[in-house]
Amino acid sequence: MDLKYDWQRYGSLRKGGQLSFSLLITCTRWFRSEKVAFRLVDGSGQIAPKDGYVELKAGQAVHIDYDTYDWDWCNGDMIIIFDSKGREYERQVFNMRTYAPGECPECHGSRQCQACRGTGRITDQMHMVSTCPRCLGTGLCQTCYVPIRTLQPANGPFGSTVAGTNPNVEMSRERKIEALRRRIYDLRQNI
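These numbers were taken from a predicted model, which means no experiment stands behind them.

Next up on the list: the layout of surface pockets. Within this model, the second largest pocket holds a volume of roughly 170 Å³. For the lining of the second largest pocket, the residue count by class is 4 nonpolar, 3 polar and 4 charged.

What follows is the structure, given as structure tokens:
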């Protein structure tokens, strides 16, 4: 298969312009088309895998994201590409770097967009208020923002959380480390 993969940030129309991630798959063949069968897999094991199929002409590309395939990429998610006989051909794992508190070159650990100071809005010289172009109104630093799927409540918003459903031990470990880093950062701020 002659495919090229590229992870991109984009403003999701279905999420009101919130920044999300997209996988761009491009057919690098010169003359013939490429038939691509794929499976989207949640790294935390909470969402059922989603299968898809697309035929790409020579040089054509397709975006796989929340707007086109209803898939919101989070750290640890993967796409499995299958060959024409249904065997696994290749895997691409969405794995963004997670900055420790204070390591982000833009926000230095505050996790707030520096252009709007975390408000999501910018006021210009004429006192006109508009949505921040850097964070698209989220107020989050887009350099260190990494989407992570959290465990969903089992019995509604006040029920217990689903425990033991995470088959990806490494992803669970990374979440715990990130939570500890945030707690350490908060404690340091209080000192």
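Structure's up, so let's keep going.
Each pair of aromatic rings is reported with the distance of its centres and the angle of its planes. Taken as a whole and judged by the stated rule, the model has 6 aromatic pairs. Relative to Trp73, the ring of Trp71 has its centre 6.3 Å away and its plane inclined at 70°; by these criteria the two rings are edge-to-face. By relative accessible area, which is 1% here, Trp73 ends up buried. Ring geometry for Trp73 and Phe94: centres 6.2 Å apart, planes at 45°, overall tilted. Placement of Trp73 in the loop between α1 (66-69) and β6 (78-82) and of Phe94 in the loop between β7 (88-93) and β8 (121-123) is noted, with a sequence separation of 21 residues between them. By relative accessible area, Phe94 is classed as buried at 0%. The rings of Trp7, Phe21, Trp71, Trp73 and Phe94 are connected pair by pair, giving a single aromatic cluster. A cation over an aromatic ring shows up here: Arg14 above the ring of Tyr66, its NZ or CZ 4.3 Å from the ring centre.

Moving on to empty space enclosed by the protein. Tallied over the entire structure, the rule returns 1 cavity of 30 Å³ or more. Volume-wise, the largest cavity comes out at about 30 Å³. Lining the largest cavity are Lys15, Leu19, Ser20, Phe21, Asp72, Trp73, Tyr145 and Pro147. Per-class residue counts for the lining of the largest cavity are 5 nonpolar, 1 polar and 2 charged.

With respect to the element layout, Leu3 can be found in strand β1 (residues 3-11). A relative accessible area of 15% means that Leu3 is categorised as buried. Along the backbone, Leu3 and Cys27 are 24 residues apart, and their C-alpha atoms lie at a distance of 4.8 Å. Discounting residues that sit within four places of it in the chain, Leu3 has contacts with Ile25, Thr26, Cys27, Thr28, Glu34, Val36, Leu56 and Ile81.

What counts and what doesn't
- Residues numbered from 1 in each chain as written.
- Predicted model: local features only at pLDDT ≥ 70, side-chain atom pairs only at ≥ 80, totals over all residues.
- Heavy atoms only, no water.
- 1 Å grid on protein atoms, 1.4 Å probe; cavity = no way out; pocket = protein on both sides within 12 Å on 5 of 7 lines; lining within 4 Å.
- Points joined across faces, edges and corners; volume = space filled by probe spheres on them.
- Nonpolar A, V, L, I, M, F, W, Y, C, P; charged D, E, K, R; others polar.
- Phe/Tyr/Trp six-rings, centres within 6.5 Å; stacked < 30°, edge-to-face > 60°.
- Buried < 20%, exposed > 50% of the residue type's maximum accessible area, 1.4 Å probe, protein only.
- Helix = DSSP H or I, 4+ residues; strand = E, 2+ residues; numbered from the N terminus.
- Lys NZ or Arg CZ within 6 Å of the ring centre and 35° of its normal.
- Contact = heavy atoms within 4.5 Å.

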